[in-house]
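Residue-level listing of the chains:
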Amino acid sequence: MNEFREWLSDNLRYFMLGGGILLALILIFLGIRLISSTISGNDTPNEVQAETTPTPEEQQEEPSATPTETPTPEPTPSDELAKNAVPEVNTLIEQYYTAIAAKDIEKLRTLVDTLTAEDENNISSDPVESYRDINVYTLSGLTDGSYITYVSYKYKLPDINTEVPGLSQLYIQTDEAGSLYVCTSAPNAETQLLIEKSVDYADVKQLISHVQSEYETAVNSDDALYAYFNPDASNASEETASAEPEPTPEATPEPTPEPTPEPAPAESTVPEGEWVVLKEAANIRDCAGMKKSTVIGCYPAGTKMIKLGEEGLWFHVYVDGVYGYISNMFF
C-alpha cells in the first residue's frame, strides 16, 4: 500500500498534465462546434431570403384573377317562323286536327289542358269533315318547351268539292312529364302579350295575307262555297230574281236640297252592332277586298270587335277606335 502511494505521488504530475491536455482538447472541440453552428445559423436565413425574394420581373407581374362564370343570357324569342321544324309539335297538331274532324272528344282530352262543355258542343257541331295539307309554323314561346304556332291547312265541308284554306293560332306547352299539349285555357298576361306581339312579325303578317288570299280565291271560284259563307247574299239574289218588277210611276222632279253634313261621331262613342270574336289572327284593311285595300292593323285570335255590316266576304268591323274590314273566314 505504501509502495502504491509512493508510485502515485511520483506520477501524479503526469496524470495532471494528461488531464489538462485532454480538457484543452475537449474545450477546443466544443469551441469549433459552437463557431460552426453560429456560422451555419447566419447563412440559413440568407438562403431562405434569396429563395423567397421575388425578382423585379416577378414583382411586375400581376396576380391572375380568378375566372368568373359569365351568366348565359335568356333566349329571346325569334321573329322568324320555322316551318315544320319541331317534329313533336307537328305530331301533336296532326293528332289534334284529326281528333277534331273525327269529333273524338276522349282523344282531344289527352291533347289539351282543358276542354269545357262549350268546347265539346262546338266540336260536335263543327261541319268540317277532314283536314289535310297541315303545315306548322313555330316561334319560341315564353318558356323552354313552349311554342307559338300558326297552323295552315285545307278543310273539307259537306257536299262541297272545293277545299277551304284556313289558318289557326295555337299555344303549345310541355307538362311535367315532358309531353306536349295544346293550351286551350286563357294564357297569362305575359304570354298573351308575347302572342299579340308575334302578330306584328313580318313573317306572320305575310302568312296571314297569303292564307287570306287563298281563301278568297277558293270562295270566289265555287258558287256552292260562296253561298255557304254568304247565305244572306244568296237568298237576296234569289228573292230579287223571283220578284216581278213593278212599274215605276212618273214623278215630278223636285229641286234637290243641299245635303247637310252629318257631324262625325265622337271618338269615345262606340257604334252599335253585333259583337264578334276572331277565331284566328287576322289583318284588318281599309276597304273590302285584297287588291285595292291596305293593311292598317293586325289582331290576334280572341280579339272582340263590333260587326257593323257585311260587304261580300268581308265584315265591316270596329275595334279600339279603328274602323276596317276583315275577311269573314276569321270569325
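Residues numbered from 1 in each chain as written. Predicted model: local features only at pLDDT ≥ 70, side-chain atom pairs only at ≥ 80, totals over all residues. Heavy atoms only, no water.

### What to know about the environment of Gln206
Then, number 1: Considering the arrangement of structural elements, one finds Gln206 in helix α7 (residues 202-221).
Then, number 2: Judged by its relative accessible area of 57%, Gln206 falls in the exposed class.
Then, number 3: Spatially, the C-alpha atom of Gln206 lies 9.9 Å from that of Asn283, the residues being 77 residues apart in sequence. (Helix = DSSP H or I, 4+ residues; strand = E, 2+ residues; numbered from the N terminus. Buried < 20%, exposed > 50% of the residue type's maximum accessible area, 1.4 Å probe, protein only.)

### Comments concerning the sheet that holds strand β5 (residues 180-182)
Then, number 1: Strand order in this open sheet of 5 strands is β1-β2-β3-β4-β5, and the pairing throughout is antiparallel. Of all the strands in the sheet, the pair left with one neighbour each is β1 (82-83) and β5.
Then, number 2: In this fold helix α3 (residues 87-102) packs onto β2 (130-140), β3 (147-156), β4 (164-174) and β5, with an angle of close to 140° to the strand it touches most, β2.
Then, number 3: Packing against the sheet, α7 makes contact with β2, β3 and β4, and its axis sits at approximately 145° to β4. (Pairing = 2+ DSSP bridges. Contact = heavy atoms within 4.5 Å. Axes fitted to C-alpha atoms, helices over the stretch in contact; angles between N-to-C directions.)

### Brief notes about the nonpolar core
Nonpolar side chains in soluble globular proteins generally cluster together in the buried interior.
Then, number 1: Grouped together as the largest cluster of nonpolar side chains are 68 residues, with contacts concentrated most on Ile93, Tyr96, Tyr97, Tyr131, Tyr150, Met305 and Ile326.
Then, number 2: Here the element with the most residues in this core is α3; it accounts for 8 residues.
Then, number 3: When neighbours within four sequence positions are excluded, Ile326 is seen to be in contact with Leu278, Ala282, Asn283, Ile284, Met305, Leu313, Trp314, Phe315, Val317 and Phe331. (Core = buried A, V, L, I, M, F, W, Y, C linked by side-chain atoms within 4.5 Å.)

### What to know about the side chain of Ser152
Then, number 1: Locating Ser152 in the fold gives a position in strand β3.
Then, number 2: For Ser152, a relative accessible area of 10% translates into the label buried.
Then, number 3: Excluding its chain neighbours within four sequence positions, the residues that come into contact with Ser152 are Asp133, Ile134, Asn135, Tyr137, Gly166, Leu167 and Val211.

### Remarks on the pairing of strand β11 (residues 322-327)
Then, number 1: Sheet topology note: the strand β10 (residues 314-319)/β11 ladder contains 6 bridges and is antiparallel. Its bridge partner being in β11, His316 is matched across the sheet by Tyr325.
Then, number 2: A loop of 2 residues connects β10 with β11, the two strands running antiparallel in sequence, and Asp320 in this loop sits at a positive phi of about 50°.

### As for the packing of aromatic side chains
Then, number 1: Applying the stated rule across the entire model yields 9 aromatic pairs.
Then, number 2: Arranged with centres 4.9 Å apart and planes meeting at 55°, the rings of Tyr97 and Tyr131 form a pair that is tilted. Placement of Tyr97 in helix α3 and of Tyr131 in strand β2 is noted, with a sequence separation of 34 residues between them.
Then, number 3: Put simply, the rings of Tyr96, Tyr97, Tyr131, Tyr153 and Tyr155 touch in pairs and so form one group of aromatic residues.
Then, number 4: The positively charged end of Lys307 is found above the aromatic ring belonging to Phe315, 4.1 Å away from the centroid. (Phe/Tyr/Trp six-rings, centres within 6.5 Å; stacked < 30°, edge-to-face > 60°. Lys NZ or Arg CZ within 6 Å of the ring centre and 35° of its normal.)

### Side note on the pairing of strand β7 (residues 282-285)
Then, number 1: By the alternation rule, side chains of β7 split into Ala282 and Ile284 and Asn283 and Arg285, which are all buried.
Then, number 2: One ladder, built from 4 bridges, connects β7 with strand β8 (residues 295-299); its direction is antiparallel. By the bridge assignment for β8, Asn283 is matched with Cys298.

### Here we look at the confidence of the model for the protein chain
As a general rule, the predicted coordinates of low-pLDDT regions are not to be interpreted in detail.
Then, number 1: Confidence in the prediction of the protein chain, expressed as mean pLDDT, is 78, and 71% of residues score 70 or more.
Then, number 2: When mean pLDDT is compared element by element in the protein chain, β5 scores highest at 96, while helix α2 (residues 56-60) scores lowest at 52.
Then, number 3: Scored below 50 in pLDDT, residues 44-51 shows 0 contacts in the model against residues more than four places distant or in partner chains.
Then, number 4: For the stretch residues 260-267, pLDDT sits under 50, and the model shows 1 contact to residues farther than four places along the chain or on other chains. (pLDDT = per-residue confidence, 0-100.)

### Structural notes on the side chain of Thr303
Then, number 1: In this structure, Thr303 sits in the loop between β8 and β9 (304-311).
Then, number 2: If sequence neighbours within four positions are ignored, Thr303 has contacts with Val276, Val277, Leu278 and Val319.

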